Each structure stands twice: as C-alpha cells, then as structure tokens.
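Reading the structure
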Protein chains: 2
Amino acid sequence: MGRYELEYPRDDINSVKRHGEQGNYALQKIHSLINSSQLINVSFNVPDQPYPVTLPMIGQMGSFDKPSADLGHPLDLYIHGYVSSRLFRLGRQESDAVAGGAGGGGLAVCCSVAHVDGLVLALSSFHHSYNYRSAVLFGHATLVEDEAEKLYAMELITNSVVPGRWDNTRLPPTKAEIQSTSILRVKIRSGSAKIRDGGVSDEKFDLENQDLLDSIWTGVVPIHKTMGEPIPTPYNRVELPAYAKEFFDDFKKTNEEYSLEAAAKEKDK
Amino acid sequence: MGRYELEYPRDDINSVKRHGEQGNYALQKIHSLINSSQLINVSFNVPDQPYPVTLPMIGQMGSFDKPSADLGHPLDLYIHGYVSSRLFRLGRQESDAVAGGAGGGGLAVCCSVAHVDGLVLALSSFHHSYNYRSAVLFGHATLVEDEAEKLYAMELITNSVVPGRWDNTRLPPTKAEIQSTSILRVKIRSGSAKIRDGGVSDEKFDLENQDLLDSIWTGVVPIHKTMGEPIPTPYNRVELPAYAKEFFDDFKKTNEEYSLEAAAKEKDK
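Since this is a predicted model, take the numbers as computed values, not measurements.

Before going further, it helps to spend a moment on the overall build of chain A. Of the regular secondary structure elements, chain A holds 7 helices and 9 strands. Counting across all 269 residues of chain A, residues that qualify as buried make up 57%. A separation of at least 24 residues holds for 71% of the contacts in chain A among residues at least 6 apart in sequence. Looking at chain A as shown, the accessible area adds up to about 11,700 Å², and 51% of this sits on carbon and sulfur atoms.

This is the structure we're talking about:
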C-alpha cells in the first residue's frame, strides 16, 4: 500500500454525521466492504418521480486500465444488469447525452452495503443496537460499450460469486450472452464507511440498579452469514472442486470470526 | 386474512420490469420481508445534491391506530433514528412545511431490503445468479411527535431486535431518552417484492456438451444468516432467558430452512 492509506476527502455528501467517530474514509476499507457484499443497493432517481429507486445488484470494484490495482487504490465500481432494466435505460440515456456533448457525465447513483454482525442487548431499550459495517459510494454510472472492458467486468463479477469461477465456466461467452449482458461502470466521486463494533454501553444509573442487574440479560449475540451443504444439479457429474470448497470454508470461517471479533472489541465511548 | 390477499396496485413506480414473473405485490409478503430484515436501506434526496443518500436503519411495519392489524393489512413503516441525522432534519423540515400548510406530505423515501439465499452456479457465467428475496416500499416520511405513538413505535422496534425484549428492559424510558429518540412514520404509497428461488437454468446446447458436464460443478449453495453463542456483558448476572433463546433458535432454524427450501424449489422458466 505504500506509506499511507488513501482516503476519500470528506465533504457534505459523504461525511458521517451521527456518531462521527464510527466513520471511516479509507478506500481499502470501503472497497473491501463493497466487494464482500453479495448484493449492492443501487439507488438513483427516475425522471418525474419524487422517490429514489433502490435495486439490489451484483457488483465489484475494479480497474480496467490497471487490473492489478489493489483495493486501497482509486477504482471503479462495475455493476451487472440488463439493458432493459430501468437503471440501464437511464444510464444509456445519460451516456448518450454525454456522447452527444450534452454534458451530465452519467447517471448519479448511490451504492450502499450493510453487514449485520451482532445484536447488542442493553439494560435500557435506548442502548440497544447492532454491530454492523456499512459503506456507501457516490458516483456517476455509464454503460460499458467496449467489448474488452465488458469481458473484464464479466470476469470480475463472476469471480465475485466464487473466486476463480470464471475460468471454470463454459468459455468464451457467446455473442448473444455478451450482447444481452449490460455492465455499468460507476466513476466514484466519494464514499465513506460506518462501523459499530464492541460490547454494550449502559447508563451509570442503570448499572447501579440491582433489580435491573438481577433481572435483565445483557450481552452481544454474534450474527454472521454462513453456507449450507452445496446441492448439485441433477446433471452434475463432478466432485466439488477445491477452489469452490476453499471459498465456502473461508466464507463461513471469516464471517463467523469477524462477528466474534466485533463482539469482543473494547468499546470506546 | 379474509377472502383474498391484499396487493399494492401496480404502477410505474413499483412494477417489477425485469423478470416480471418474479414480482410479488402482496402486502403480507412485502411487509414480512421488511420485518424480517435487521436493517432497512432508507433512500432519500438531499437538496442540491444529484445523488440519493442511502442509510441503513432499523424499522418495522405497524399501525398505531390498529395495533392488532396483521402483516397482510395496510400498515405504516416506523423507522428509528436521531433528530440530528440528515434524514430526520429533512423529515422535520418537510413535516414543518406540512404543518404550515405548505403541502408536500413528508420526505419522499424508498425503503428496501434484500436477503441472499443461495449461490446459483451454472455451466455458463451468464446463468450464474443468486437466490434472493427483495422488497421495496415507496412512501412519505414524517416525524412522529405524539408521545403515545412514539412509545408504541419504540416498543415495536425494540421487539424487532428480539421479540418480547421491550418488557425485558428497564421501563419506562426516561424523558431524555424519549426526547432524544426520533421516529419517522412512513405512509406507504406503493411497494413490491422480487424473489428468485429454485435451481440452476442452463442452455440446451451447454447441457449437451459432454466436456462441460465432465468438468464443471453445477448446483446451488444455500446461504443463510445464523447466530453464534450469546456473549454476556461482564455485569450480566442472569441466565439467558427463554424468550431470547427461543428467538435465537428460531432465527437460525427458519433462515436455514428457507435457504434449503429455496434451493429445492422447482424452477419455472
């Protein structure tokens, strides 16, 4: 990573207002949270509607120009979807506007993720909380038109489902598959993460109340995502390969360990 | 539930465009998905910013006027937050505008949730997917000012963390706690759910390719949220109570069972 950790500059858009001490602006942290989320909530505005629209989509951070760039570097967010969907129609319109010189620079999107890591159960309802890690990226989305970049993004996104999976699928994708797959590239404008970990905070006056201490269970209940036994298709003929088994084991272990680590962390008030 | 299942009417805002067959408009289904999500992604627009902002918040469906109403009935979404946060400042401004007769009807919000239930691994990268359940609600948020309604919502939301928890905390909340807790009530305008379940879909030409069948593992890997062993605070003196233990066991069992059920479902193409 070099001598320092790159951060997104704080401004009106990305600053964590409430519990600012839980805010984190490091690219490495934010990009890791995005990449470890199976779904990303993509929000954007639709003309003539007061409500933003939020769709869960699959995406991954990457750099077509510098594929070896690590997560601490400036990256784009590649999102997978279909041309016929609202998001991509809008992205296409705005891309066309850009191509036509009308300005705009793509569809303004907010891409967010949140992991729940534990229930925090206090004496007062007021101090109940979750341990969680959330991240948000703001940027402008345009449709990827270049076929080489599209294939780069398709590989990136397939490998986000199971690392190494791309090379273990039928290759290459057909022309029709490439054509009917749409990829958006989000140029990131800013971002931030917000993380709550540690144990329970309770008020001094509650902690001195013997009746409460004698009657209310307090603590943290770790929560994590896990995987069940893989269920092969009726036409599967192959043993579960090592790259998949290793990932499934790692997914279970890493998530469980993090939830325990978060629960055990010293709470700085 | 009566003779039929109530549905949100389909319009431009809530209609599921891509894979319309996966769309679901039943209040019961949508409200259940919202209530079984520990965090809800709340999106709204901020003046003079092109990007919507999405924040993860805790919320629950309910009806202050008819607390016994079940999930299949028209309900409001109560969201927990702080007055000092951006969302609630906006909500307050817009509520003030409403109170002042300036119209508006509250802050336009999009509230969404998504559960991942499995990895779907096909022969082609194109047919990779997730089993998932997502739901979205569109509506207008205003600050809850009435103290009785606020307490109703605080109880509802605390019980969403662990059912029955409210009665097992220090009661009543202090004046200061009530004052520094903000609750938004979202009047729902429309909503929808989108659900993908079942096994793998592959192309006929891939299924006839013996080399692929001999080399690529295909199937569904169930994913679910689970809980670890509860970790008591250093000042806890109480055995884990039955209401909590039952919920934790049910959480693990229900989530695991759903992921298996989703994986086993017949895929209608």
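Next, the rest of the story.
Before going further, it helps to spend a moment on the packing of aromatic side chains. With the rule as written, the count across this model stands at 10 aromatic pairs over all chains. On the basis of an interplanar angle of 55° and a centroid distance of 5.6 Å, the ring pair of Tyr51 of chain A and Phe138 of chain B is categorised as tilted. Placement of the pair is Tyr51 of chain A in the loop between strand 2 (40–45) and strand 3 (52–62) and Phe138 of chain B in strand 6 (residues 129–143), with the two residues belonging to separate chains. The buried category is assigned to Tyr51 of chain A, whose relative accessible area is 0%. With a centroid separation of 5.7 Å and an interplanar angle of 75°, the aromatic rings of Tyr78 of chain A and Tyr152 of chain A are classed as edge-to-face. Taken together, the residues span a long stretch of sequence, with Tyr78 of chain A in strand 4 (residues 76–81) and Tyr152 of chain A in helix 3 (residues 147–161) at a distance of 74 residues.

Here the second copy of the chain follows from the first by a rotation about an axis and a shift along it. In the superposition of chain B on chain A (RMSD 0.0 Å, axial shift 0.0 Å), the rotation amounts to 180°. Both copies of the chain, as the preceding transformation shows, are related through a two-fold rotation axis. Scanning chain B for the C-alpha nearest the rotation axis identifies Lys225 of chain B, at a separation of 2.1 Å. Looking at chain B, 100% of its interface residues are interface residues in chain A too, so the copies touch through the same face.

A few words on the side chain of Ser192 of chain A. Residues and elements named next belong to chain A. Turning to its location among the elements, Ser192 is positioned in strand 7 (residues 182–196). Judged by its relative accessible area of 5%, Ser192 is buried. Within the structure, Ser192 has its side chain in polar contact with the backbone oxygen of Asn14 (distance 2.8 Å). Apart from residues no more than four positions distant in its own chain, Ser192 is found in contact with Asn14, Val16, Asn24, Tyr25, Ile30, Ser134, Ala135 and Val136.

A word on the side chain of Ser125 of chain A. Mapped onto the elements, Ser125 of chain A comes out in the loop between strand 5 (107–121) and strand 6 (129–143). Accessibility expressed as a relative area gives 9% for Ser125 of chain A, which makes it buried. Not counting the four nearest positions on each side in its chain, Ser125 of chain A is found in contact with Thr158, Trp166 and Thr169 of chain B.

Let us now look at the environment of Glu229 of chain A. Following the sequence through the fold, Glu229 of chain A ends up in the loop between strand 8 (219–227) and strand 9 (231–232). Spatially, the C-alpha atom of Glu229 of chain A lies 9.4 Å from that of Phe248 of chain A, the residues being 19 residues apart in sequence.

A word on the pattern of salt bridges. Residues and elements named next belong to chain A. With the rule as written, the count across this model stands at 26 salt bridges over all chains. Lys204 is paired through a salt bridge with Glu208; the nearest N and O atoms lie 2.9 Å apart. Assessed through its relative accessible area of 49%, Glu208 is described here as partly exposed.

What follows deals with the interface of chain B and chain A. Taken together, the 96 residues of chain B in the interface contact 96 residues of chain A. Between chain B and chain A, roughly 8,600 Å² of surface is buried when both sides are summed, and carbon and sulfur atoms account for 62% of that area. The tally of links from chain B across to chain A stands at 4 salt bridges. Between Arg237 of chain A and Asp214 of chain B there is a salt bridge whose closest N-O contact spans 2.9 Å. Class assignment for the residues of the side of chain B that touches chain A results in 50 nonpolar, 31 polar and 15 charged. Pairing of strand 8 of chain A with strand 8 (residues 219–227) of chain B, which is carried by 5 bridges, proceeds in the antiparallel orientation. Paired with His224 of chain A across the two strands is Thr226 of chain B, which belongs to strand 8 of chain B.

Attention shifts here to the confidence of the model for chain A. A residue-level look at chain A finds 90% of positions with pLDDT of 70 or above and a mean pLDDT of 91. Scoring of the predicted complex yields 0.93 for pTM and 0.93 for ipTM.

So, how was this worked out
Residues numbered from 1 in each chain as written. Chains lettered and ligands numbered in written order. Predicted model: local features only at pLDDT ≥ 70, side-chain atom pairs only at ≥ 80, totals over all residues. Heavy atoms only, no water. Helix = DSSP H or I, 4+ residues; strand = E, 2+ residues; numbered from the N terminus. Buried < 20%, exposed > 50% of the residue type's maximum accessible area, 1.4 Å probe, protein only. Contact = heavy atoms within 4.5 Å. Areas by Shrake-Rupley, 256 points an atom, 1.4 Å probe, with all protein chains shown as cover. Phe/Tyr/Trp six-rings, centres within 6.5 Å; stacked < 30°, edge-to-face > 60°. Least-squares fit on C-alpha atoms with pLDDT ≥ 70 in both. Polar contact = N/O pair within 3.5 Å; in protein donor to acceptor, adjacent residues only side chain to side chain. Salt bridge = Lys/Arg side-chain N within 4 Å of Asp/Glu carboxyl O. Buried area = accessible area lost by both parts, 1.4 Å probe. Nonpolar A, V, L, I, M, F, W, Y, C, P; charged D, E, K, R; others polar. Pairing = 2+ DSSP bridges. pLDDT = per-residue confidence, 0-100.

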